[in-house]
Amino acid sequence: MQIGIIGLGKMGANITRRLHRDGHDCVVYDTNAAAIKTLVGEGAQGANTIQAMVNELSQPRAIWLMLPSGEITENAVNDLAKLLGKGDILIDGGNSFYKDDVRRAKMLAGAGIHYVDVGTSGGVWGLERGFCMMIGGETNIVQHLDPIFKTLAPGAGSIDKTPNRKGRDPRAELGYIHAGPNGAGHFVKMVHNGIEYGLMQAYAEGFDVLRNKNADALPEDQRYDLDMADIAEVWRRGSVISSWLLDLTASALSQDAALSAYSGFVADSGEGRWTLEAAIEEAVPVNVLAASLFARFRSREEHTFGEKLLSAMRQEFGGHIEQGGGAKK
């Protein structure tokens, strides 16, 4: 299938590579000419302007935006609204706010342009592991794009089948779902990221308790000098709290048990705040998710070992570099 991809950063470039590897025809554009050149060298077709990309695509065109949420994505949507025509499809695979999706879909529908929002999880590991996707849009349009989604998704892999799923949408078992109409994809991804905050905070606090068990304030016979890397490693294997986040934690600790390369400054990219706003609108208590977001705010004032671990996890799964420099690998 032919598709245009705008935004060739960490995830956009790997989305292109995964699609090209499976035989899809990718036309790519980025404001960074070097990023275009790299992917052209790997087999993609480059375009030096958005207009040139549109010209290269056959109708009905499909263009995937993989850009930072907010003004940059908004400007790209508005620019493409002037260039695309009836029946064309615009996909936003970034972390846009779901209410913006609803608004954009209505705006584009006036010109006969279809809009699809794709909450995309997988970070810098997506090329090999695949991308978990939560999709919002019209049923027939999502179905038309299914070859793209199927290629990008992780696939069933070696994960055991969940009992009693007979008759349910088999796409979920492959790592992608059509969550609902416009906005639903990014809404599900937004809550996913809010949960991610909570999971990360739980690991960070737990390891902080372990690490401080040798504090001078404790009775001498109750002090333990515990090995963080080994604890993370053993918990990965058969423990009820095993997860990919714990795998990444073990990786970070095995490289530097003191996490000396991290300051503990933990950014938030917006989805945690949006999740809390949704919870307030729905009158749903989200104590853990709220606390984990506020912990990120506090991390910008003082830094604990747990906050360094949060930074390390963000670097491991998404390549997120701390503000002010952060870890260098």
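Residues numbered from 1 in each chain as written. Predicted model: local features only at pLDDT ≥ 70, side-chain atom pairs only at ≥ 80, totals over all residues. Heavy atoms only, no water.

**Q** Would you mind going over the overall build of the chain with me for this structure?
**A** Secondary structure assignment for the chain yields 15 helices and 8 strands. Computed over its C-alpha atoms, the radius of gyration of the chain comes to 21 Å, within 12% of the 20 Å expected for a compact globule of 329 residues. With the C-alpha coordinates aligned to their principal axes, the bounding extent of the chain is approximately 75 × 45 × 40 Å. Among the 329 residues that make up the chain, the fraction classed as buried is 47%. In the chain, 67% of the contacts between residues at least 6 apart in sequence involve partners at least 24 apart. (Helix = DSSP H or I, 4+ residues; strand = E, 2+ residues; numbered from the N terminus. Rg over C-alpha atoms; globule rule 2.2 N^0.38 Å. Buried < 20%, exposed > 50% of the residue type's maximum accessible area, 1.4 Å probe, protein only. Contact = heavy atoms within 4.5 Å.)

**Q** Could you clarify how one ought to interpret the pairing of strand β1 (residues 2–6) in this entry?
**A** The two faces of a sheet get side chains in turn, since along a regular strand they alternate between them. With 4 of 5 residues buried, β1 is to be regarded as a mostly interior element. Bridge analysis of β1 against strand β2 (residues 25–29) gives 5 bridges, and the strand direction is parallel. When the bridges of β2 are listed, I3 appears paired with C26. Following the backbone out of β1, through helix α1 (residues 10–21) and into the adjacent parallel β2, one traces a crossover that is right-handed. Inspection of the sheet shows β1 paired to strand β4 (residues 62–65) by 3 bridges, in the parallel sense. Within β4, the position partnered with I5 by the bridge is W64. (Pairing = 2+ DSSP bridges. Right-handed = clockwise from strand over helix to strand, strands pointing away.)

**Q** What is the right way to look at the packing of aromatic side chains in this model?
**A** What characterises a pair of aromatic rings is the spacing of the ring centres plus the angle enclosed by the ring planes. In this structure the tally under the stated criterion is 7 aromatic pairs. Summarising the aromatic geometry, the rings of F294 and F297 are spaced 6.0 Å apart at their centres and angled 45° between planes, so their arrangement reads as tilted. Within this pair, F294 and its partner F297 are both found in helix α14 (residues 287–298), separated by 3 residues, close to a single helical turn. What makes F294 partly exposed here is its relative accessible area of 47%. Take F297: its relative accessible area is 28%, and that puts it in the partly exposed class. Taken together, the ring pairs connect F97, Y98, F187 and W274 into an aromatic cluster. Over the aromatic face of W244 sits the side chain of R129, whose NZ or CZ is 4.0 Å from the ring centroid. The ring of Y197 has R296 sitting right over it, with the charged end atom 3.7 Å from the ring centre. (Phe/Tyr/Trp six-rings, centres within 6.5 Å; stacked < 30°, edge-to-face > 60°. Lys NZ or Arg CZ within 6 Å of the ring centre and 35° of its normal.)

**Q** Would you explain helix α5 (residues 98–109) in this entry?
**A** Since there are 3.6 residues in each turn of an α-helix, residues three or four apart along the chain are aligned in direction. The end-to-end C-alpha separation of α5 is 17 Å, in line with the 16 Å expected for 12 residues at 1.5 Å each. Within α5, the full set of buried residues consists of Y98, D101, R104, A105 and L108. One face of α5 carries all of its buried residues, which in axial projection span an arc of 105°. Buried residues belonging to α5 abut α4 (71–83), β5 (89–92), β6 (114–121), α10 (184–211) and α13 (271–282). (Expected span 1.5 Å × (residues − 1). Arc of directions from axis to C-beta.)

**Q** How should I be thinking about the packing of α10 against helix α15 (residues 305–318) in this particular structure?
**A** Any two packed helices are characterised by the angle at which their axes cross and by the distance between the axes. Here α10 crosses α15 at 135°, and the two axes come no closer than 8 Å. With respect to each other, α10 and α15 are oriented oblique. Crossing geometry of α10 relative to α15 is assigned as right-handed. Residue-level inspection shows E196, M200, Q201, Y203, A204, F207, D208 and R211 of α10 in contact with α15, the latter providing F305, G306, L309, L310, M313, R314 and F317. Per-class residue counts for the contact of α10 with α15 are 9 nonpolar, 2 polar and 4 charged. (Axes fitted to C-alpha atoms, helices over the stretch in contact; angles between N-to-C directions. Parallel < 35°, antiparallel > 145°, perpendicular 65-115°, else oblique. Left-handed = near helix turned anticlockwise from the far one by under 90°. Nonpolar A, V, L, I, M, F, W, Y, C, P; charged D, E, K, R; others polar.)

**Q** What exactly am I supposed to notice about the environment of G167 here?
**A** Secondary-structure assignment places G167 in the loop between α8 (146–152) and α9 (171–174). Distance from G167 to T38, taken between C-alpha atoms, is 44 Å for residues 129 residues apart in sequence.

**Q** Hey, could you run me through the pairing of β2 in this one?
**A** Across the 5 residues of β2, 4 count as buried, placing the element largely inside the fold. Alignment of β2 against strand β3 (residues 45–46), held across 2 bridges, turns out to be parallel. Bridge assignment links V27 to a residue of β3, and that residue is Q45. Remark: the β2/helix α2 (residues 33–41)/β3 crossover connection has right-handed handedness.

**Q** Whenever I open this one, the layout of surface pockets confuses me. Can you help?
**A** Remark: the empty space left among the atoms is shown by a probe the size of a water molecule rolled over them. Estimates place the volume of the second largest pocket at around 180 Å³. Lining the second largest pocket we find I6, G7, Y29, D30, T31, I50, L67, P68, I72, A76 and D79. Top contributing element to the lining of the second largest pocket by residue count: α4, with 3 residues. (1 Å grid on protein atoms, 1.4 Å probe; cavity = no way out; pocket = protein on both sides within 12 Å on 5 of 7 lines; lining within 4 Å. Points joined across faces, edges and corners; volume = space filled by probe spheres on them.)

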